[in-house]
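# Per-entry structural report
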Amino acid sequence: MAFACASAVSASSLSARSVNVVRARQPVRAPVRAVVAVRAEAAVVAAQKIRIRLKSFEVRHMAAACDKIIAAAKATEATVSGPVPLPTRRRIYCVLRSPHVNKDSREHFETRTHHRLIDVHQPTAQTIDALMGLELPAGVEIEVKL
């Protein structure tokens, strides 16, 4: 009985390996022009809105970055929605006050990560150039999605 199970496993693994070999040998027949056309259409659709997500530990730095982004977008006649405040993530660290003794005596430290979301609707090439050339405060992480 055990011998039959072992042979069934090896037979299934052999058939899976042969299927992978057959799939690897099939030629790819997608024309290059069609792929480029699909990417160009996706870029046109995606360019209708730019979503900018900001993260920072300092609220003042984030507010300054939001103001600069909004001013640059409005200067190029794009419509802006935001900044939308997203939930703040609190990360709490618990640390022993002294090594070796006093296990019950602990300190708590926390970091707060503030998030904001800005949407730029109907951007133009000038809008994208203006956003790429901005000097933003240090400590602000920016994620841009087209």
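Residues numbered from 1 in each chain as written. Predicted model: local features only at pLDDT ≥ 70, side-chain atom pairs only at ≥ 80, totals over all residues. Heavy atoms only, no water.

## Notes on the side chain of histidine 115
Where we set the bar: Secondary structure elements follow DSSP: runs of H or I no shorter than four residues count as helices, runs of E no shorter than two count as strands, and numbering proceeds from the N terminus. Note on exposure labels: buried denotes an accessible area under 20% of the residue type's maximum, exposed denotes more than 50%, and partly exposed covers the range between, all computed with a 1.4 Å probe on protein chains only. By definition, residues are in contact when any of their heavy atoms lie within 4.5 Å.
Tracing the chain through its elements places histidine 115 in strand E3 (residues 106-121). The class of histidine 115 is buried, set by a relative accessible area of 8%. Those residues within four positions of histidine 115 in sequence are excluded, and the remaining contacts are Arg53, Leu54, Lys55, Met62, Val84, Pro85, Leu86, Pro87 and Arg89.

## Here's the deal with the environment of valine 144
One can find valine 144 in strand E4 (residues 140-145). Remark: the alpha-carbon pair of valine 144 and arginine 53, spanning 91 residues in sequence, is separated by 6.5 Å. For valine 144, the residues in contact, after removing those within four places along its chain, are Ile50, Arg51 and Ile52.

## Considering the confidence of the model for the chain
Selection rule: The quantity known as pLDDT measures the predictor's confidence residue by residue, on a range of 0 to 100.
Looking at the chain as a whole, the pLDDT averages 77, with 68% of positions reaching at least 70. Per-element confidence in the chain ranges from a low mean pLDDT of 43 for helix H2 (residues 32-46) to a high of 95 for E3. Scored below 50 in pLDDT, residues 1-46 makes 1 contact in the model with residues more than four places away or belonging to other chains.

## Points about helix H3 (residues 59-75)
Definition in use: Helix span, expected: 1.5 Å multiplied by one less than the number of residues in the helix. Note that the arc is defined by the directions from the helix axis to the C-beta atoms.
In this model, H3 (17 residues) spans 24 Å end to end at C-alpha, consistent with the 24 Å of a helix rising 1.5 Å per residue. Those residues of H3 lying buried are Met62, Ala65, Cys66, Ile69, Ile70, Ala72 and Ala73. Looking straight down H3, one finds that the buried residues subtend no more than 165° of arc, so they occupy a single side. Projecting away from the buried face of H3 at angles above 90 degrees are the exposed residues Arg60, Asp67, Lys74 and Ala75.

## Quick look at the side chain of threonine 76
This is how the line gets drawn: Under this definition, polar contacts are N or O atom pairs within 3.5 Å; protein pairs additionally need one hydrogen-donor-capable and one acceptor-capable atom, and for neighbouring residues in sequence, both atoms have to be side-chain atoms.
Within the secondary structure layout, threonine 76 lies in the loop between H3 and strand E2 (79-96). For threonine 76, the side chain forms a polar contact with the main-chain oxygen of alanine 72, separated by 3.5 Å. Among the polar contacts made by the side chain of threonine 76, one reaches the main-chain carbonyl oxygen of alanine 73 at a distance of 2.9 Å. Not counting residues up to four positions away in its chain, the partners in contact with threonine 76 are Thr124, Gln126, Thr127 and Ala130.

## What about the pattern of salt bridges?
Put simply, the rule is: For salt bridges, the criterion is a side-chain nitrogen of Lys or Arg within 4 Å of an Asp or Glu carboxyl oxygen.
For the structure shown, the criterion picks out 5 salt bridges. In this structure, the salt-bridge partner of glutamate 143 is lysine 145, at a minimum N-O distance of 3.8 Å. Salt bridges sharing partners connect three or more residues here, namely Arg90, Glu110 and Arg112.

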